[in-house]
Amino acid sequence: MAKEDKFNFTKSDSPIDIELDSDIVDPEDGNAQDRRDMHRMGKTQELKRNFRFISIFGFTMILMQSWEAIFSLGMIGLTNGGTAGYIWLYLISWIGFLFVNVSMAEMASMAPTTGGQYHWVSEFAPRKYQKFLSYIMGWMCVLAWQTIIASTCYVAGTQIQGLLVLNYSPQYEPHPWHGTLLAIALASFGVFFNIILARRLPLVEAGLLSIHILGFIAVLATLWVLAPRAPASQVFITFNDGGGWGSVGTSTMVGITAAFLPLVGADAAVHMSEELQDASRTLPRSMIATTLVNGGLGWIMLITFCSTLGNLNDILDSPTGVPFIAMFFNTTQSAGGATAMSVLIIVMTIAGILTQHATASRQLWAFSRDKGTPFASWFSCKSPHVYPRFNLPINSILTTLIFTILLTLIAIGSPVAFNTLTSLGGTAIMSSYICSIGCVLWRRITHKPLLPSKLSLGRYGLFINLVSMVFLIVAFVFSFFPPSPNPTPDLMNWNILIWGASVLGSLIYYVAVARKVYVGPVEYVRKLE
């Protein structure tokens, strides 16, 4: 069999296969299929499989928190595209991500590993590019999740500051270092939870899922009942070229970041796959269900948001510094009412920190386990890979905290520099989607074999992968556009610089060091015949 197709296998009746098929083991070590998947990928089961469908579904729902993100990102979409542009571009993005996440769900079913995209690239890319491409994608995923959690911590900190201004102004005067200290406190809480209370995380995620749904109903009902409503013609067909592009279409596409970011993150479940029972079956179900449900909740809330927004300039000029808090105050005409509504969103943002911290640390641990990072043995807690007392990658969890602290400290001196660095999250994740789906698309076009899976796209796979690639490439390109054609330095979109520097940095390290020690996950894959 050619080396390129080494992942194709057939079951044998060898003693090791009989052992792999046995279900007479600790359920927290997974079922027979989990053991076969881990054995094929050449990995040792080191984490406890405490997650099941409801808990991993809650995990990804909370991490994506689409309807909550509408309020945080709304101003970006409204500036370029207006209410109509934002609503319809979100719908297009939702449909696009259905294709994307179905494509990734198939890959997750084929290879349910914490490594996720960089592992898939290693298995599915053309043989001569497997090592190089998987290494770059590994760094993209690691840096993406590390910057995403830092950004979320800081956003939650500034939202808390906004509530303090609402309730205690003029006694309380906000300063950037307040937001940083709050961000560090929230990140520290995330670490405490992910170490000391980690075994409770699946139960907590199921509980937070109910808050996510009930909070949606509470905020939606309040806005429908109390807020003034704009005419439907203004909401659904009025576009806005607020960036001054000279073209409504271009301006709307520039605002695509606000439309697709609330839909990013269903792949987070993949990075918890070695802690999930019956992962090859449960993962794809969770990823697709999350995209359908969260995407639908987000679109309903977006329409409501655009219909009940009120005067945009008054909201932007609010002393709270947080537009949705000002919007809630204008709706309820009560600081107490606005606080209650805002707390629902802030609590869910903090809950997202817990899930993001788990995802970011697992991604770092997996890449280190494959010798992709400097000090890989330390990050992966090698010998053993994880601490037996906790069955967790403690070093990667603590490193994620340190990285978050260092990033948020930058915000004290320059919030613009901080936002510039953390903008890497969205584009780095998108590039990993493009590369991994592109590799599967290449295999389909060239009629190369794919792994067997519980979810197979069959004859529709080529079409679904193609649509996914078109959508992702368009969204990826426009995410680098500045908000206006002639931006000032503080309003410039420096994302292309940060993304390019990250790729260049990983290339330099690969040539200088990593190519000598990193072989790629495909080299550990067992050929079972």
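Residues numbered from 1 in each chain as written. Predicted model: local features only at pLDDT ≥ 70, side-chain atom pairs only at ≥ 80, totals over all residues. Heavy atoms only, no water.

The name given to the protein in an unreviewed UniProt entry is Amino acid transporter, with Apiospora saccharicola as the source organism. What UniProt records for the protein under Subcellular location (unreviewed entry) is the sentence "Membrane". (UniProt positions renumbered as here; feature names shortened; annotations may be inferred.)

Colleague: Hey, could you run me through the overall build of the protein in this one?
Modeller: Counting its regular elements, the protein contains 22 helices and two strands. The C-alpha radius of gyration of the protein comes to 23 Å, within 12% of the 24 Å expected for a compact globule of 529 residues. The contacts in the protein between residues at least 6 apart in sequence include a share of 80% that link residues at least 24 apart. Per element, the accessible surface of the protein, about 20,400 Å² overall, is 68% carbon and sulfur. (Helix = DSSP H or I, 4+ residues; strand = E, 2+ residues; numbered from the N terminus. Rg over C-alpha atoms; globule rule 2.2 N^0.38 Å. Contact = heavy atoms within 4.5 Å. Areas by Shrake-Rupley, 256 points an atom, 1.4 Å probe, with all protein chains shown as cover.)

Colleague: Mind showing me how you'd approach the packing of aromatic side chains here?
Modeller: Aromatic ring pairs: the centre-centre distance and the angle between the two ring planes describe each pair. For the structure on display, the rule yields 27 aromatic pairs. Both rings, one in Y135 and one in Y510, keep their centres 5.2 Å apart while their planes meet at 45°; by these two values the pair is tilted. In this pair, Y135 is assigned in helix α7 (residues 130-168) and Y510 in helix α22 (residues 495-512), connecting sequence segments 375 residues apart. Accessibility expressed as a relative area gives 0% for Y135, which makes it buried. The exposure class of Y510 is buried, given its relative accessible area of 11%. Counting every residue linked through ring pairs, the aromatic cluster contains Y118, F132, Y135, W139, F367, Y510 and Y518. Cation over ring: R285 sits above F53, and NZ or CZ is 4.5 Å from the ring centre. When the ring centre of W365 is taken as reference, the NZ or CZ atom of R369 above it lies at 4.4 Å. (Phe/Tyr/Trp six-rings, centres within 6.5 Å; stacked < 30°, edge-to-face > 60°. Buried < 20%, exposed > 50% of the residue type's maximum accessible area, 1.4 Å probe, protein only. Lys NZ or Arg CZ within 6 Å of the ring centre and 35° of its normal.)

Colleague: Honestly, the packing of helix α20 (residues 424-445) against helix α21 (residues 461-478) in this entry has me stumped. Any pointers?
Modeller: For any two helices packed against each other, the geometry comes down to the angle between their axes and how far apart the axes lie. Running from N to C, α20 and α21 cross one another at 150°; their axes reach a closest spacing of 9 Å. The orientation of α20 with respect to α21, classified from their angle, is roughly antiparallel. Crossing angle aside, the handedness with which α20 passes α21 is left-handed. Listed contacts from α21 to T427, M430, S431, Y433, I434, I437, G438, V440, L441, R444 and I445 of α20 are G461, L462, N465, L466, S468, M469, L472, I473, A475 and F476. Here the contact of α20 with α21 is built from residues that sort into 14 nonpolar, six polar and one charged. (Axes fitted to C-alpha atoms, helices over the stretch in contact; angles between N-to-C directions. Parallel < 35°, antiparallel > 145°, perpendicular 65-115°, else oblique. Left-handed = near helix turned anticlockwise from the far one by under 90°. Nonpolar A, V, L, I, M, F, W, Y, C, P; charged D, E, K, R; others polar.)

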